[in-house]
Amino acid sequence: MDPASDAAVRLRAEHDALAERLGVRRSVDHVKEGGVLAFFTVIAGGMSAKLAWDRWGWLPRRAPIPPDGLPLWFLAALLVALLLLLSTVRAFRIARLYRAEEDALFARLLDLRRALGLDR
């Protein structure tokens, strides 16, 4: 086998491996996960804000002043909202890292396609 055809075979094998790897974009899955988590973060944040307003808001209320005991429901909702916020940020950061990696791989794939003469 001559060196030119051997190099073309190696380039084609690398092209096929990159195309297979880029067939599934993990960054998109993490963006989707981050979006769903962001939605639930807004819901949990609104619920904790409502519970805080019911306890400490300045509108007239019928509850005894000051309310007795710890605000357990508010603290639980706030904890859930914070955990969801951290998960949301983590999902978007992972998506950003995967996207940078996938962009570099896609640039290499385009270079291989030009070298092999697949794109004209």
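The structure presented is a predicted model; accordingly, all values stated were derived computationally and were not measured.

J.: Quick question: what am I supposed to make of helix α3 (residues 72–116) here?
T.: Since the α-helix packs 3.6 residues into each turn, any two residues three or four apart lie on the same face. End to end, α3 covers 65 Å across 45 residues, agreeing with the expected 66 Å (1.5 Å per residue, within 8%). What α3 keeps buried is the set Phe-74, Ala-77, Ala-81, Leu-84, Thr-88, Ala-91, Ala-95, Glu-102, Leu-105, Leu-109 and Leu-112. Buried residues in α3 make contact with α1 (3–21) and α2 (26–56). Following α3 by one or two positions, Gly-117 adopts a phi angle in the positive range, close to 80°.

J.: Explain the packing of aromatic side chains here, please?
T.: According to the stated counting rule, one finds two aromatic pairs in the structure shown. Where Trp-56 meets Phe-74, the ring centres are 5.3 Å apart and the plane angle is 90°; that geometry is what we call edge-to-face. In this pair, Trp-56 is assigned in helix α2 and Phe-74 in helix α3, connecting sequence segments 18 residues apart.

J.: Is there a simple way to think about a nonpolar patch on the surface in this case?
T.: Together, Leu-70, Leu-72, Leu-75, Leu-78, Leu-82, Leu-85 and Val-89 make up an exposed nonpolar region whose accessible area comes to about 640 Å². You can see Leu-75 is positioned in helix α3.

Reading the values: rules and limits
- Residues numbered from 1 in each chain as written.
- Predicted model: local features only at pLDDT ≥ 70, side-chain atom pairs only at ≥ 80, totals over all residues.
- Heavy atoms only, no water.
- Helix = DSSP H or I, 4+ residues; strand = E, 2+ residues; numbered from the N terminus.
- Expected span 1.5 Å × (residues − 1).
- Buried < 20%, exposed > 50% of the residue type's maximum accessible area, 1.4 Å probe, protein only.
- Contact = heavy atoms within 4.5 Å.
- Phe/Tyr/Trp six-rings, centres within 6.5 Å; stacked < 30°, edge-to-face > 60°.
- Patch = residues over 30% accessible without salt bridge, like charges linked within 9 Å, V, L, I, M, F, W, Y side chains within 5 Å.
- Areas by Shrake-Rupley, 256 points an atom, 1.4 Å probe, with all protein chains shown as cover.
- Salt bridge = Lys/Arg side-chain N within 4 Å of Asp/Glu carboxyl O.

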